[in-house]
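A closer look at the structure
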Amino acid sequence: MAIKRNSTVTNIVDIITVDRNSVTIPAGSTLTVYKVNRKGYVYCHHDNHRFNVIVTTKDNLKEVPQSNPVKVNDIFYSSWGYDQTNIDFYMVVEVLKSSVKVISIGEHRTYTGPMQGTCVPNINDKGTKVMTKRINIFNNKPSFKVASFASAYPYNNQPMCFTEWA
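Source: prediction; values computed, not measured.

Now for the environment of Glu-94. With respect to the secondary-structure elements, Glu-94 resides in strand β9 (residues 86-95). Each C-alpha atom of the pair Glu-94 and Leu-61 lies 32 Å from the other, and the pair is 33 residues apart in sequence. Excluding anything up to four places from it in sequence, Glu-94 contacts Val-72, Val-100 and Lys-101.

Below, the structure written as structure tokens:
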């Protein structure tokens, strides 16, 4: 496989960062790729260090194969809106190699004030349209695009806040 954006890689050799506090990233460290350019430079970041950019070449990196961490019946949420906060819930019905098939599910709303409150998923209110979505894994957290303006993330079993607009 080719090293591309959002890939998880390990460095084969020690890498010295080029920021003002020069730090050595030891070989075997896990990095996340956020940019690859045509000249072969790979821009990465490492969670355990306080810098944003590690620049190296593809020759110094080895891609870590990633399995799909999503399971059937996992619930994802999407929070979006401009003058209001909309919450949509999705349930995984089938897991493929690098994508999932999901359906939309309803929600139980509890109003805490005028035109605002919290909501939780209602798995008894399932949609009928099955959508196939490609899974993106960033920092070992899966997500998928719902629309050009929204992504869905794993639901953490906590009530989500919503607002309405009259």
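Having put the structure on the table, let's press on.
Per the stated rule, a full pass over the model turns up zero disulfides. In this structure Cys-161 is not part of a disulfide, and its nearest cysteine sulfur, from Cys-119, lies 8.3 Å away.

Looking now at the pattern of salt bridges. Evaluated as defined, the whole model comprises three salt bridges. Ionic pairing is found between Arg-109 and Glu-107, a salt bridge with its closest N-O pair at 2.5 Å. When its relative accessible area of 37% is taken as the criterion, Arg-109 is described as partly exposed. The partly exposed category is assigned to Glu-107, whose relative accessible area is 23%. Through salt bridges with shared partners, a single ionic network connects Glu-107, Arg-109 and Glu-164.

On to the sheet that holds strand β1 (residues 8-11), then. If you walk across this open sheet you meet the five strands as β6-β5-β4-β1-β7, and the pairing is antiparallel. Every other strand in the sheet has two partners, leaving β6 (54-57) and β7 (61-63) as the edge strands with one partner each. Shown here is a sheet whose adjacent strand axes are inclined to one another by a mean of 45°, direction ignored. In this structure, strand β4 (residues 30-36) lies alongside strand β5 (residues 41-45), joined through four bridges in antiparallel fashion. By the bridge assignment for β5, Val-36 is matched with Val-42.

Criteria and thresholds
- Residues numbered from 1 in each chain as written.
- Predicted model: local features only at pLDDT ≥ 70, side-chain atom pairs only at ≥ 80, totals over all residues.
- Heavy atoms only, no water.
- Helix = DSSP H or I, 4+ residues; strand = E, 2+ residues; numbered from the N terminus.
- Contact = heavy atoms within 4.5 Å.
- Disulfide = S-S within 2.5 Å.
- Salt bridge = Lys/Arg side-chain N within 4 Å of Asp/Glu carboxyl O.
- Buried < 20%, exposed > 50% of the residue type's maximum accessible area, 1.4 Å probe, protein only.
- Pairing = 2+ DSSP bridges.
- Axes fitted to C-alpha atoms, helices over the stretch in contact; angles between N-to-C directions.

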